Protein chains: 2
Amino acid sequence: MTQFMDVHRGMLGITADQLQEAHQADLAIEKEEGVHFKQAWADPDSGIVYCLSEAPSADAVQRIHERAGHKADEIHPVPLTV
Amino acid sequence: MTQFMDVHRGMLGITADQLQEAHQADLAIEKEEGVHFKQAWADPDSGIVYCLSEAPSADAVQRIHERAGHKADEIHPVPLTV
């Protein structure tokens, strides 16, 4: 399993409830692709959301995000962490 | 205090030791600006590093990163988190 950071753009004005709802939609189906979404951070003013996961591949992350209704704009493996 | 996510590009080939060293350079002086660097994630293949902090402002984050020798390319407040 590798960690991935993905980025969603265009989420201008996202609220805490909407972020929670989007995260729950991922969590509800993540096991079907062996993914676990760990954390997400949002900036309503720029519309950027960062999302940290553990997954077998970037494609697996994207499949869950797409099915949950919020395709990622970028997905990067982040094998190094401090 | 607000959380910030900042992004560094061009760190192609960064190693675990280099990430640790860069993070320690931030930690060594972060208190002078009231910043705390919490975590960082790196992708050696794309050269992207994501860095999560708590700080009084984006400018405070940047001042520490600049003095530590690695200016951020983007800094976004991330007031929402799950």
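Look up: the structure comes first, before these words.
Being a predicted model, the structure only gives us computed values, none of them experimental.

Enquirer: Mind showing me how you'd approach the sheet that holds strand β5 (residues 80-81) of chain A here?
Expert: In sheet architecture, strand pairing relies on hydrogen bonds along the backbone and comes in two forms, parallel and antiparallel. Reading across the sheet, the five strands line up as β5(A)-β2(B)-β3(B)-β1(B)-β4(B) and stay open at both edges, with antiparallel pairing between neighbours. Each end of this open sheet is capped by a strand with a single partner; those strands are β5 of chain A together with β4 (74-77) of chain B. The sheet contact formed by β5(A) and strand β2 (residues 36-43) of chain B spans two bridges and is antiparallel. The partner of A:Leu80 across the bridge, within β2(B), is B:Ala42. Sheet contacts for helix α1 (residues 16-29) of chain B: β5 of chain A together with β2 and β3 (48-55) of chain B; angle to β2(B), the most-contacted strand, approximately 160 degrees.

Enquirer: Would you take a moment to explain the pairing of β3(B) for this structure?
Expert: Remark: a regular strand shows side chains that alternate across the two faces of the sheet. Residue and element names in this part refer to chain B. Of all eight residues in β3, seven are buried, a share of seventy percent or more. By the bridge criterion, seven bridges tie strand β1 (residues 2-8) to β3 in an arrangement that is antiparallel. Each residue of the ladder has a partner; that of Gln-3, found in β3, is Glu-54. The sheet contact formed by β2 and β3 spans seven bridges and is antiparallel. Residue pairing in the sheet places Asp-43 in a bridge with Ile-48 of β3. Where β2 folds back onto β3 in an antiparallel hairpin, the turn is made up of four residues, including Gly-47, whose phi is positive at roughly 75 degrees.

Enquirer: What is the right way to look at the pattern of salt bridges in this model?
Expert: When their charged atoms lie close together, side chains carrying opposite charge are able to pair. For the structure shown, the criterion picks out eight salt bridges over all chains. Here A:Glu32 and A:Arg67 are joined by a salt bridge, their closest N and O atoms 2.8 Å apart. Here A:Glu32 is found in the loop between α1 (16-29) and β2 (36-43), whereas its partner A:Arg67 is found in helix α2 (residues 58-67), with 35 residues between them in sequence. The salt bridge involving B:Glu33 is made with B:Arg63; its shortest N-O contact spans 2.9 Å.

Reading the values: the criteria
Every residue gets a number counted from 1 within its own chain, in the order that chain's sequence is written. The naming scheme follows written order: chains are lettered A onward, ligands numbered 1 onward. Local features in this predicted model are restricted to residues whose pLDDT is 70 or higher, and side-chain atom pairs enter the listing and the counts only when it is 80 or higher, whereas totals over whole chains, interfaces and linings include all residues. Side-chain metrics rest on all non-hydrogen atoms present in the structure, leaving aside hydrogens and water. Whether two strands pair comes down to DSSP finding at least two bridges between them. Secondary structure elements are defined from DSSP: runs of H or I of at least 4 residues count as helices, runs of E of at least 2 residues count as strands, and each element is numbered from the N terminus. The contact criterion used is simple: two residues touch if any of their non-hydrogen atoms lie within 4.5 Å. Here, axes are lines fitted to C-alpha atoms. For helices the fit covers the stretch in contact, and angles between N-to-C directions go from 0 to 180 degrees. Accessibility here uses a 1.4 Å probe with only protein chains present; expressed as a share of the type maximum, an area under 20% marks a residue as buried, one over 50% as exposed, and anything in between as partly exposed. Put simply, a salt bridge is a Lys or Arg side-chain nitrogen that is within 4 Å of an Asp or Glu carboxyl oxygen.

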